[in-house]
Amino acid sequence: MIETFSFVNLTATSIYHTLITNKIVLTISLILFVMLSKFLLVKLINKKEKQNKRLKINMLGNAVTVFIFIGIFNIWAVEFQKFAISIAAFTVAIVIATKEFIQCFIGFVYITSSRPFRIGDWIQVGEDYGEVHSTDWAKLTLLEVDIDAYEYTGKTLYLPNSKLITSSIKNLNFLKRYAMHHFTITRDATVNPFVFLDELYAKAYEYCADFNDVAIRYNQIIESRLDVNIAGPDPKIQVATSEIGDTQVLFTIFCPTDRAMAIEQSITSDFMEFWFKQKGLTENNIEKINLG
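Residues numbered from 1 in each chain as written. Predicted model: local features only at pLDDT ≥ 70, side-chain atom pairs only at ≥ 80, totals over all residues. Heavy atoms only, no water.

Peer 1: Could you give an account of the overall build of the protein chain, naming the residues involved and the relevant values?
Peer 2: Along its length, the protein chain carries nine helices and eight strands. Relative to its full complement of 292 residues, the protein chain shows a buried share of 29%. In the structure as shown, the protein chain presents an accessible area of about 19800 Å², 61% of it carried by carbon and sulfur atoms. (Helix = DSSP H or I, 4+ residues; strand = E, 2+ residues; numbered from the N terminus. Buried < 20%, exposed > 50% of the residue type's maximum accessible area, 1.4 Å probe, protein only. Areas by Shrake-Rupley, 256 points an atom, 1.4 Å probe, with all protein chains shown as cover.)

So this is what it looks like as C-alpha cells:
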C-alpha cells in the first residue's frame, strides 16, 4: 500500500513538473482549461439568462480570447523577448547591408513623385552635367554634356539614385535650345576698350540679328516659367579689371546653343582686330609725341 501510494505520489509530482517546465504542454493545458471554462459558462448563461444572452456570450468570448493571449504571452515571454531581439538584430543587419539599395529606391520614389526632370532634359547633379537618357529604381543614366561648349562629350554617366537625395538638382533644359552664354577676353592695360565699345556692340547685334525675334519669345517663355527676370536677349558687354590690373571685357550673349561658340569666336576676332588697331594708333601717337 505504501509503495503504491509512493508511486502515485511520484507520478503526480512528475506530471506536475512536466506541466510546469514543458511550455508546450502548459500552453495546451491553458487553452483546454480556458475553452472548457468558456463552454461551461456559455451553458450557464443559456440556462439562466432570458435576455441579452448573445451580448454576454460575445463579451465572454472576447474576454476568453484576451485571457488566452495574455496567458500565452506570459508563458513564452522569455522566448518572445529573445525572438524580438534576434529579429531586431537581423533587421538592423539587413538595413546596414542594403543601405545603398534602400537609398537608391528612395531616390527613385523621390524623382518619380516630384518629377524635377524628364527624359531628354539637360540637368546638373552635383558637379555632373548631362542629358537624361533613362531612369530606373537603382540609377540615373546621363549622356554627359560639356556645359561650357554646349555639346555632348560622348561619355555616359551612371549616377546612383542615392546621389539625387544628397546632391542639388538643377534643370538646365532651356539650355538645349538657347543659352545665356558668358565669356571673357583679357588683355593688358595699354588700350582703352571703351574707345571701340560701340563697334563691339554693333558686331554683337549683327551676329544676333537673324534670331533676335525668336530669342525674345524664348526669353519671355523662360521668364514666365521661372517667374523671374533673366538677362537678355540683347547682348551685354562690361569692362572690368583683373586682380593684377589687366583689362577684362565680359560678354553676355543670349543665343542658340549650337551657335554660341561660333558667335564667341566671331566677337573675339572682332575684338582682337579693334584692340590691335587701337594699340597701333596709340603707339603712333606716342611716337609722334616723342618726335615732337
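Having seen it, we continue.
Peer 1: Just give me the short version of the pattern of salt bridges, but keep the residues and values in it.
Peer 2: For the structure on display, the rule yields three salt bridges. For Lys139, the salt bridge is made with Asp136, and the minimal N-O distance between the two is 2.8 Å. Accessibility expressed as a relative area gives 31% for Lys139, which makes it partly exposed. (Salt bridge = Lys/Arg side-chain N within 4 Å of Asp/Glu carboxyl O.)

Peer 1: Can you tell me about the sheet that holds strand E3 (residues 139-146), naming the residues and giving the values?
Peer 2: A sheet is described by the order of its strands in space; here five strands give the open sequence E4-E3-E2-E1-E5, paired in antiparallel fashion. Either end of the sheet is taken by a strand with one partner, and the two such strands are strand E4 (151-160) and strand E5 (169-171). Here the strands of the sheet are splayed against their neighbours by 40 degrees on average, with no regard to which way each runs. Pairing of strand E1 (residues 122-125) with E5, which is carried by three bridges, proceeds in the antiparallel orientation. When the sheet's bridge partners are listed, Gln124 is paired in E5 with Lys170. (Pairing = 2+ DSSP bridges. Axes fitted to C-alpha atoms, helices over the stretch in contact; angles between N-to-C directions.)

Peer 1: Describe the sheet that holds strand E8 (residues 247-256), naming the residues involved and giving the relevant values.
Peer 2: Spatially, the three strands line up as an open sheet ordered E6-E8-E7, and their pairing is antiparallel. Every interior strand has two partners, whereas the edge strands, strand E6 (178-187) and strand E7 (236-241), have only one. Direction aside, neighbouring strands of the sheet carry axes that sit 20 degrees apart on average. Seen against the sheet, helix H7 (residues 197-208) touches E7 and E8 and runs at an angle of roughly 140 degrees to E7. (Contact = heavy atoms within 4.5 Å.)

Peer 1: Quick rundown of the pairing of E1? Include the residues and the values.
Peer 2: What you see with E1 is no split at all: Trp122 and Gln124 on one side and Ile123 and Val125 on the other are buried throughout. With four bridges joining them, E1 and strand E2 (residues 128-135) adopt antiparallel strand pairing. Along E2, the bridge assignment pairs Trp122 with Glu131. Remark: two residues form the turn of the hairpin made by E1 and E2, two consecutive strands paired antiparallel; Gly126 in that turn has positive phi of roughly 65 degrees.

Peer 1: For helix H5 (residues 99-114), give the residues involved together with the corresponding values.
Peer 2: Taking 1.5 Å of rise per residue, the 16 residues of H5 would be expected to cover 22 Å, and the 22 Å separating its terminal C-alpha atoms lies within 8% of that figure. Within H5 the residues assigned to the buried category are Cys104, Gly107 and Ile111. Relative to the axis of H5, the buried residues are bounded by an arc of 60 degrees and lie together on one face. Looking at the buried positions of H5, the neighbouring elements they touch are E2, E4 and helix H6 (163-166). (Expected span 1.5 Å × (residues − 1). Arc of directions from axis to C-beta.)

Peer 1: Which residues make up the layout of surface pockets, and what values go with them?
Peer 2: In this structure, the second largest pocket occupies an estimated 160 Å³ of space. Surrounding the second largest pocket, Phe108, Ile111, Thr112, Arg115, Phe117, Arg118, Ile119, Val132 and Thr135 form its lining. When contributions to the lining of the second largest pocket are tallied by element, the ones reaching two or more residues are H5 and E2. Grouping the constituent residues of the lining of the second largest pocket by class yields five nonpolar, two polar and two charged. (1 Å grid on protein atoms, 1.4 Å probe; cavity = no way out; pocket = protein on both sides within 12 Å on 5 of 7 lines; lining within 4 Å. Points joined across faces, edges and corners; volume = space filled by probe spheres on them. Nonpolar A, V, L, I, M, F, W, Y, C, P; charged D, E, K, R; others polar.)

Peer 1: Now, about unusual backbone geometry: what can you tell me, with residues and values included?
Peer 2: Positive phi, normally seen in glycine, also occurs at Arg115, with a value near 50 degrees. Residue position: Arg115 is located in the loop between H5 and E1. Since its relative accessible area comes to 54%, Arg115 is described here as exposed.

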